[in-house]
Amino acid sequence: MTPEQLRDVVRTAVSGAVARGTLAVEVPEDVVVERPKNRAHGDYATNIAMRLAKTAGIPPRAVAEALAEELRAQPSIAAVDVAGPGFLNITLAEGALGRIAVQAVSAGEDYGRTDALAGQRINLEFVSANPTGPVTLGSTRWAAVGDAIARLLEASGADVSREYYVNDAGAQIERFARSLQAAALGRPIPEDGYQGDYIEPVAQRVLADTPGLLDMPEQEQVAVFAEKGVAAMVADIRATLEGFGAHFDTFFSERSLHESGALEKALATLREQGHVFERDGAVWLRTTDFGDDKDRVLVKADGEPTYFAADCAYYLDKRRRGFDKVVILLGADHSGYVGRYKALVAAAGDDPATHLEIQIGQLVNLVRNGEPVRMSKRAGNFVLLTDLVEAVGIDAARYALARASVDQQIDIDAELWSRKTNDNPVFYVQYAHARISSVLRNAAELGLSLGEAGDVDVSQLGHERENDLLRAIGEFPRVLTAAAELRAPHRVARYLEELAGTYHRFYDSCRVLPRGDEVAGPQTTARLWVCAATATVLHNGLTVLGVHAPERM
RNA sequence: GCGCCCGUAGCUCAGUGGAUAGAGCAGGUGCCUUCUAAGCACUUGGUCGCAGGUUCGAUCCCUGCCGGGCGCGCCA
């Protein structure tokens, strides 16, 4: 029996007590059934009695006693204890936990998936770094976390589109183009330009692609370097992210908004809603009406639209494309953006609480030999996604980035992340999967297989370590659901570490395969199912994080 | 000054109002002739930044303070 099934049983018990007249409450929708930390507290525990006590008008322990009475009548429940202030500690009947293994294996890659977000169309924007250079270490965190969030939302049944906003308009593109031009002409890069080593090859690519470029007038040259330089950079960024396992469905060009007239349309829409005004020769959006700190300029006094104006058009475009929810993952250096973004959504007539969600993540520090290293794209002394991957590998990089809460600043230490020790939890988790794969391979060599789900004798299971493992496997769907709701993929990683440890302890004390001249029996088969179920969860969990589940190490 | 994030074991960090606050690393002691020792067992280690409040119960929610990071442009 899974925790979800037990939750229904508890709810049934409440209705039973109500029907019997021992309890006068409404049957709650959300019943919390959790895995107690202390094993002496049974397989599962619920605080339902304490939560119902107030409305029932009787002490929590009395509510608990009434519910315990109901629950004890259930054949799948072996024992119910009322403990502490009113906890119900539930011990499942022999074999009830074992069914979890069968369910997990039978569901396979679908184990853990839910339809909690079925029917939701979500646009998830992340990374969106300026196309003036390769993907940096700072963006790498969002590539790993954003992609994991996308996979989590999909595991909850949502229809997710991954999007990268290409800021291919504005002053920094001009500086980028002039840097390319200078490199092509063999001149020093302008002081306010981009100094990185990557500039030269990009400049050469543009030159090779455009015969006679250097004979064109100055302004035309810059325009070509801008257009083709950005295209080359975006292609590079896209390839890098794909190689990292982070696929984007759309690379959306900011410039296309300017060229299609979307900005004017957005301005007109905001005007219709009555939140646009003029002051000092500029056009403003009255975002303070919706909680922003100050009003924001849409069109500057010189007639040029602001970056914010493009944001308005971009948001409206996303909504026009049919997304129910626009989710944007931003670094803490953009946290000042939240207020105006919410306000623009409200000003456009939408509800920020339902249509927009901005997730702010803290920045990363690059650490070398224990010392922080400063990164600056403009100065060219930055470390790239590709550098990190080269140093530690994709799996270690993605895992290390995804296992930390986004609310936490993290230190990226390539030396630490490349260690093949327990400083690196990714190997601990992967090792568990490889170990199980090995057991299953050996089983196959002995001619042993799982057989049919209906033939497993789950009553063969009951060792404390087996029960621990089965309970952990049973948690997986709830871990995925919670992680998706909270946009917190690190919860999946932490859970996998716990699961791997639980498996290693099971492995240590529960021999799976027959040794020497022993003969395989029903317990062997039952334990093979437990192994296969664990492998299923490790695989599914690692896949959510974009990390490989190896069969050998 | 205002806004957001953080402060939990020596270090790096988990912990969506529940029972005796956890993990890894670091330190110490053991366990491989048979399923992967990248493993396991035992052990040392805490005023959950401080002070109030909310309630049956607070690391978690609220208020104030202290310390650290980021942000507060007619830049992008």
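All of these numbers come straight from a predicted model, not from anything done at the bench. (Residues numbered from 1 in each chain as written. Chains lettered and ligands numbered in written order. Predicted model: local features only at pLDDT ≥ 70, side-chain atom pairs only at ≥ 80, totals over all residues. Heavy atoms only, no water.)

Let's shift gears to the protein's contact with RNA strand B. The local shell around RNA strand B holds 64 residues, among which Phe87, Tyr431, Arg435, Ser438 and Arg491 are the closest. Atoms of RNA strand B within 4 Å of the protein: sugar and phosphate make up 64%, bases the balance. The contact in question runs from a sugar or linking oxygen of RNA strand B to an N or O atom on the backbone of alanine 169, over 3.2 Å. Glycine 336 places a polar main-chain atom, nitrogen or oxygen, 3.3 Å from a sugar or linking oxygen of RNA strand B. When residues of the surface near RNA strand B are traced back to their parent elements, those giving at least two are α2 (48-56), β4 (87-92), β9 (282-285), α17 (425-445) and α19 (490-509). Looking at which element gives the most residues to the surface near RNA strand B, the answer is α17, with 9 residues. Taken together, the residues of the surface near RNA strand B sort by class into 24 nonpolar, 19 polar and 21 charged. (Near = heavy atom within 4 Å. Polar contact = N/O pair within 3.5 Å; in protein donor to acceptor, adjacent residues only side chain to side chain. Helix = DSSP H or I, 4+ residues; strand = E, 2+ residues; numbered from the N terminus. Nonpolar A, V, L, I, M, F, W, Y, C, P; charged D, E, K, R; others polar.)

A few words on the pairing of β9. Side chains Ala282 and Trp284 of β9 all project onto a buried face; the interleaved residues Val283 and Leu285 project onto the opposite face, where all are buried too. When strand β8 (residues 276-279) meets β9, the two strands line up antiparallel, connected through 4 bridges. Across the sheet, the residue bridging to glutamate 278 is valine 283, located in β9. Linking β8 to β9, which pair antiparallel, is a turn of 2 residues; within it aspartate 280 sits at a positive phi near 55°. Judged from the 3 bridges that link them, β9 and strand β10 (residues 296-299) form a sheet pairing that is antiparallel. Bridging across to β10, valine 283 finds its partner in valine 299. (Buried < 20%, exposed > 50% of the residue type's maximum accessible area, 1.4 Å probe, protein only. Pairing = 2+ DSSP bridges.)

The next point concerns the nonpolar core. With 146 residues, the main nonpolar core has Leu6, Leu71, Leu88, Leu92, Tyr164, Ile473 and Leu545 as its most contacted residues. In this structure, Val299, Ala310, Cys312 and Tyr315 belong to the second largest nonpolar core, which totals 33 residues. (Core = buried A, V, L, I, M, F, W, Y, C linked by side-chain atoms within 4.5 Å.)

Looking now at the pattern of salt bridges. According to the stated counting rule, one finds 28 salt bridges in the structure shown. In this structure, the salt-bridge partner of glutamate 174 is arginine 178, at a minimum N-O distance of 3.1 Å. Here the residue glutamate 174 and the residue arginine 178 both occupy positions in helix α6 (residues 171-185), the gap between them amounting to 4 residues, near one helical turn. Classification of glutamate 174 as partly exposed rests on a relative accessible area of 33%. (Salt bridge = Lys/Arg side-chain N within 4 Å of Asp/Glu carboxyl O.)

What follows concerns the packing of helix α14 (residues 385-392) against helix α15 (residues 394-402). With their axes 7 Å apart at the nearest point, α14 and α15 run at an angle of 115° to one another. Considered as vectors, α14 and α15 are oriented roughly perpendicular to each other. Within the contact between the two elements, α14 uses Leu388, Val389 and Val392 and α15 uses Ile394, Ala396, Ala397 and Leu401. When its residues are assigned to classes, the contact of α14 with α15 shows 7 nonpolar, no polar and no charged. (Axes fitted to C-alpha atoms, helices over the stretch in contact; angles between N-to-C directions. Parallel < 35°, antiparallel > 145°, perpendicular 65-115°, else oblique. Contact = heavy atoms within 4.5 Å.)

To continue, consider the domain arrangement of chain A. Along its sequence, chain A is organised into domain 1 (3-93), domain 2 (121-167 + 246-361), domain 3 (171-238) and domain 4 (421-544). Distance between the C-alpha centres of domain 1 and domain 3: 69 Å. (Domains from an automatic or database assignment.)

The parallel open sheet is built from 5 strands, whose spatial order is β7-β6-β5-β11-β12. Two strands bound the open sheet, and with one partner strand each, they are β7 (250-253) and β12 (356-361). Taking each pair of neighbouring strands and ignoring which way they run, the sheet shows an average axis angle of 25°. As defined by bridge partners, strand β11 (residues 325-331) adjoins β12 across 6 bridges and the pair is classed as parallel. Its bridge partner being in β12, leucine 330 is matched across the sheet by isoleucine 360. Contacts from helix α5 (residues 137-155) reach β5 (121-125), β6 (159-166), β11 and β12, with the element oriented near 155° to β6. With respect to the sheet, helix α11 (residues 307-320) is in contact with β5, β6, β7 and β11, its orientation differing from that of β6 by roughly 155°.

This paragraph deals with unusual backbone geometry. One non-glycine residue with positive phi stands out, namely valine 127, at about 65°. When you line up the elements, valine 127 lands in the loop between β5 and α5. You can call valine 127 buried: its relative accessible area is 12%. Of note in the backbone geometry, serine 128 takes a positive phi value of approximately 45° without being a glycine. Note that serine 128 resides in the loop between β5 and α5.

It is worth spelling out the side chain of glutamate 466 at this point. Looking at the secondary structure, you find glutamate 466 in helix α18 (residues 464-485). Residue class for glutamate 466 comes out buried when judged on its relative accessible area of 0%. If we ignore the near neighbours within four places in the chain, the residues touching glutamate 466 are Gln460, Leu461, Phe506, Cys510 and Arg527.

Let us now look at the packing of helix α4 (residues 98-107) against helix α20 (residues 522-544). It is at 8 Å that the axes of α4 and α20 come closest, and there the two elements cross at 50°. The orientation of α4 with respect to α20, classified from their angle, is oblique. Two packed elements cross with a definite hand, and for α4 against α20 that hand is left-handed. Mapping the contact onto sequence places Ala101, Val102, Ala104 and Val105 in α4 and Trp529, Val530, Ala532, Ala533 and Thr536 in α20. Grouping the amino acids of the contact of α4 with α20 by side-chain chemistry returns 8 nonpolar, 1 polar and no charged. (Left-handed = near helix turned anticlockwise from the far one by under 90°.)

So, about the sheet that holds strand β14 (residues 371-373). A sheet is described by the order of its strands in space; here 3 strands give the open sequence β14-β13-β15, paired in mixed fashion. Each edge of the open sheet is held by one strand with a lone partner, namely β14 and β15 (410-412). The average angle at which neighbouring strand axes cross in this sheet is 50°, direction not considered. Relative to β14, strand β13 (residues 364-368) runs antiparallel, the two being bridged by 3 bridges. In the sheet register, valine 367 faces β14, and the bridge partner there is proline 372.

Summed over the entire model, instances satisfying the criterion amount to 0 disulfides. No disulfide involves cysteine 510; its sulfur sits 9.4 Å from the nearest other cysteine sulfur, which is in cysteine 531. (Disulfide = S-S within 2.5 Å.)

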